[in-house]
Amino acid sequence: RAVAMSVSHSSRLNKLVREQYMRLPQDGRVQVTYVWIDGSGEGVRCKSRTLDKEPKSIEDVPEWNFDGSSTAQAEGSNSDMFLVPVRMFRDPFCLDPNKLVLCEVLKYNRKPAETNLRHTCKKVMDMVKDSHPWFGMEQEYTLLGVNGHPYGWPDNGFPGPQGPYYCGVGADKVYGRDIVESHYKACLYAGVKICGTNAEVMPSQWEFQVGPCEGIEMGDHLWMARFILHRVCEDFGVVATLDPKPMTGNWNGAGCHTNYSTEEMRKEGGLKHIEAAIEKLSKRHNYHICVYDPRGGRDNSRRLTGHHETSNIFEFSAGVANRGASIRIPRQVGQDGYGYFEDRRPAANCDPYAVTEAIMRTTVLNETGVETKDYADH
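All of these numbers come straight from a predicted model, not from anything done at the bench. (Residues numbered from 1 in each chain as written. Predicted model: local features only at pLDDT ≥ 70, side-chain atom pairs only at ≥ 80, totals over all residues. Heavy atoms only, no water.)

1. Quick notes on unusual backbone geometry
- Of note, the bond from D96 into P97 is cis; its omega dihedral lies within 30 degrees of zero at 10 degrees.
- Relative to the elements of secondary structure, P97 occurs in the loop between β4 (80-90) and β5 (99-106).
- Following G211, the chain continues into P212 via a peptide bond in cis, with omega recorded as -5 degrees.
- Phi angles above zero are rare outside glycine, and R110 is one such case at about 70 degrees.
- For H308, which is not a glycine, the phi torsion comes out positive at approximately 55 degrees.
- Relative to the elements of secondary structure, H308 occurs in the loop between α9 (298-301) and β11 (318-320).
- Relative accessible area serves as the criterion here: at 23%, H308 is assigned to the partly exposed category. (Helix = DSSP H or I, 4+ residues; strand = E, 2+ residues; numbered from the N terminus. Buried < 20%, exposed > 50% of the residue type's maximum accessible area, 1.4 Å probe, protein only.)

2. What about the sheet that holds strand β3 (residues 64-67)?
- Strand order in the open sheet formed by five strands is β2-β1-β5-β4-β3, with mixed pairing between adjacent strands. Both outer strands of the open sheet, β2 (44-51) and β3, are each paired with one neighbouring strand and no more. Neighbour to neighbour, the strand axes of the sheet diverge by 40 degrees on average, direction disregarded.
- With eight bridges connecting them, strand β1 (residues 30-37) and β2 associate as antiparallel partners. Considered in β2, the bridge of V32 is made with R49. (Pairing = 2+ DSSP bridges. Axes fitted to C-alpha atoms, helices over the stretch in contact; angles between N-to-C directions.)

3. A closer look at the pairing of strand β6 (residues 134-144)
- By the criterion of burial, β6 is predominantly enclosed, with ten of the eleven residues buried.
- Both β6 and strand β8 (residues 205-214) contribute to a ladder of eight bridges, which runs antiparallel. Directly across from F135, in β8, lies its bridge partner C213.
- Bridging between β6 and strand β10 (residues 256-261) involves six bridges; their strand directions are antiparallel. By the bridge assignment, Q139 is partnered in β10 with C256.
- For β6 and strand β9 (residues 239-241), the ladder comprises three bridges, and the chain directions are antiparallel. Pairing of T142 across the sheet is with T241, part of β9.

4. Focus: the layout of surface pockets
- Of the volumes computed, that of the largest pocket is approximately 390 Å³.
- For the largest pocket, the lining is made up of 22 residues, of which E114, L117, V291, D351 and A354 are closest to its centre.
- Elements with a minimum of two residues in the lining of the largest pocket: α3 (118-127), α8 (285-291) and α11 (352-363).
- For the lining of the largest pocket, the per-class residue count stands at eight nonpolar, eight polar and six charged.
- Mapping the lining of the largest pocket onto the domain boundaries places at least three of its residues in each of domain 1 (16-115) and domain 2 (125-364).
- By volume, the second largest pocket amounts to about 320 Å³.
- Lining the second largest pocket are 21 residues; nearest its centre among them are E140, E200, E207, H257 and R323.
- Mapped onto the lining of the second largest pocket, the elements with two or more residues apiece are β6 and β8. (1 Å grid on protein atoms, 1.4 Å probe; cavity = no way out; pocket = protein on both sides within 12 Å on 5 of 7 lines; lining within 4 Å. Points joined across faces, edges and corners; volume = space filled by probe spheres on them. Nonpolar A, V, L, I, M, F, W, Y, C, P; charged D, E, K, R; others polar. Domains from an automatic or database assignment.)

5. Some thoughts on the domain arrangement of the protein chain
- On domain assignment, one finds that the protein chain holds domain 1 (16-115) and domain 2 (125-364).
- Distance from the C-alpha centre of domain 1 to the C-alpha centre of domain 2: 26 Å.
- For the pairing of domain 1 and domain 2, the buried interface totals around 1800 Å² over both sides, and the portion due to carbon and sulfur atoms is 68%.
- The largest contributions to the domain 1 side of the interface with domain 2 come from E42, F89 and F93, which together make up 34% of the buried area.
- Summed over the shared surface of domain 1 and domain 2, the result is two salt bridges. (Buried area = accessible area lost by both parts, 1.4 Å probe. Salt bridge = Lys/Arg side-chain N within 4 Å of Asp/Glu carboxyl O.)

6. Focus: the pattern of salt bridges
- Taken as a whole, this structure holds 25 salt bridges when the rule is applied.
- A salt bridge links K107 to E114; its shortest N-O distance comes to 3.0 Å.
- The residue R284 makes a salt bridge to E367 at a minimum N-O spacing of 3.1 Å. Taken together, the residues span a long stretch of sequence, with R284 in the loop between α7 (271-282) and α8 and E367 in the segment after α11 at a distance of 83 residues.
- Through salt bridges with shared partners, one network takes in E42, D243, R295, D299 and R302.

7. A few points about the pairing of β3
- Side-chain alternation along β3 places W64 and F66 on a buried face and N65 and D67 on a face that remains uncovered.
- With four bridges connecting them, β3 and β4 associate as antiparallel partners. Bridge pairing links N65 to F82 in β4.

8. What to know about a nonpolar patch on the surface
- Nonpolar side chains collect at one region of the surface, where V17, Y21 and L24 lie side by side and expose about 310 Å² of accessible area between them.
- Note on placement: L24 falls in the loop between α2 (15-22) and β1.
- Residue L24 is classed as exposed on the basis of its relative accessible area of 52%. (Patch = residues over 30% accessible without salt bridge, like charges linked within 9 Å, V, L, I, M, F, W, Y side chains within 5 Å. Areas by Shrake-Rupley, 256 points an atom, 1.4 Å probe, with all protein chains shown as cover.)

See the structure below:
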């Protein structure tokens, strides 16, 4: 009964009835769901329209608009915002030939909305494309009941201490695996570059990994993976939160560790390029902390305490196989002398466009200080 009370009412509707309608033919027409980032910089919104035929490329999907005053992105007196399609995926909820389309948001004057961080990220990625930057991001999240309590936790009290839950197996160690596996399959179907998943250290906390992705593709695929996660959770009647520290006390927080390499780092002798990049990052720690969560570091300050496998937010550190450092060089990379490194500072609710752009600005474009350079459009 306690579990039933923690899920949404809509999740308990008869899904077999829904399936009857989902099997109906579409007479050649296609349902396209437009997905975008709202004014919070963390939430995603969506709405759907019908196209007369299946789009074969993103160019076949027309621009659209929405009411920005209802998403904290515009005033009511001038509320129309533009949705500009940028990447298309298969729809795992309505199935082929239907599509999910990730969009950039432009204001009435065709300038990027404040939370459209893809715009400048794309510009930077175009500038550094010859370095072939690869990214892989590890998205941690926590499952909550609709009452805001971690899913599967006792109603009055706490589960046992951390230890048996990480990569755990068994009903007393993991909560919500059905959701995790459904999300994994949905991402594979959609064409999202999901590459793994595991139960995390705190019970009801999970992680999935996306990558390797090159350049702007990283942000596109992670945002769509997040959208699919929220939609899957909606079907099961629970909530996925990306809060970096959902539970205070002796519980792990949630990050979005970012693995990164350039072509020269991946070649023999690449370790010297990895070390050079880390040296550049060490001199720009404050700038990165400011862009690694949506609130200029305030969210991450609850997580980056130097405890629970994190570094201290005020100090930069790096080490081989050190999960308590800002930057971790995997042991295998240290042995091989080439590969990639992991930036462990980004918060779970970071914008991947902001994170990947910042890394490129510092390590390839050699920017310094807390200010960013405004590059001319190419």
